[in-house]
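Below, each chain spelled out in residue letters.
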Amino acid sequence: MTELRQRISYRQVRVVGALLILQGVGLMGLGVYFFGRVDWDRALVTSGQGEIDIQTIDEPLLKLLEQAVQFAIFFLPSAVLLLLAGLSFLVVRRRGWLLATTAQSLILLVCLFAYPDPRPGFAYPFIAYCILMVLYLNSRSVRAAFHSKEKPASSRSGTVHEA
C-alpha cells in the first residue's frame, strides 16, 4: 500500500515539475519574441573600430525596446527559478517547492505592480496561471509528497494531532 501511495505522490511531483518547466520555457519564449520585434540594425550602429554606438531612435522603436528590456528584467529571474524548480521536482523529487512558490510570487508581483494600469495582454494569463499553480502546489496531494517520513518518537512533541 505504501509503495502505491509513494508512486501516486511522485506522479503529482512529476506533473508539477513538467508544468513549471513549461511555464519557464513559455516565459523565455515570450522574451525571445519581444527581443525579436526590435529592429537592432536601426537601434544600434557599429563604427569601423568595432565600437557600438546607440543612436537616437523614433518613438515606436523606443517603445518596443523598452518593452523588451522591461520583460527581460522583470521575468528572466522568474523563468530561471521556474526551470530550476521544475528540474529539481523531476530529478530530486522532493526539492524545489520553495523555488516554485517564490517564482510564482515574483511573477504575480511583477504583473500586478510593475505594469501601469493598462496592463499588456499577456499579464492576465500569467496572473491566472500563477494563481492556479500556487493552488496546485498547495493542494493536499502535492503537499503529501513533501511531508517527511514518520519522525522517531524522541523528536515528537507531547501532543498528537489527528486529522
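One can find the structure itself at the top, above this paragraph.
Reading the values: rules and limits
Residues numbered from 1 in each chain as written. Predicted model: local features only at pLDDT ≥ 70, side-chain atom pairs only at ≥ 80, totals over all residues. Heavy atoms only, no water. Helix = DSSP H or I, 4+ residues; strand = E, 2+ residues; numbered from the N terminus. Buried < 20%, exposed > 50% of the residue type's maximum accessible area, 1.4 Å probe, protein only. Areas by Shrake-Rupley, 256 points an atom, 1.4 Å probe, with all protein chains shown as cover. Patch = residues over 30% accessible without salt bridge, like charges linked within 9 Å, V, L, I, M, F, W, Y side chains within 5 Å. Salt bridge = Lys/Arg side-chain N within 4 Å of Asp/Glu carboxyl O.

**Q** Explain the overall build of the protein chain to me, and be specific about the residues and the numbers.
**A** Along the protein chain, the regular secondary structure elements total 6 helices and 2 strands. N-terminal to C-terminal, the α/β element order of the protein chain is α-α-β-β-α-α-α-α. Looking at the protein chain as a whole, 30% of its 163 residues qualify as buried. Taken as a whole, the protein chain presents about 11000 Å² of accessible surface, with 64% of it coming from carbon and sulfur.

**Q** Tell me about a nonpolar patch on the surface, residues and numbers included.
**A** Residues M28, L76, V80, L84 and L99 make up a contiguous nonpolar surface patch of roughly 390 Å² in combined accessible area. Considering each element in turn, the nonpolar patch owes the most residues, 3 residues, to helix α3 (residues 59-91). Inspection of the secondary structure puts M28 in helix α1 (residues 2-36). Residue class for M28 comes out partly exposed when judged on its relative accessible area of 31%.

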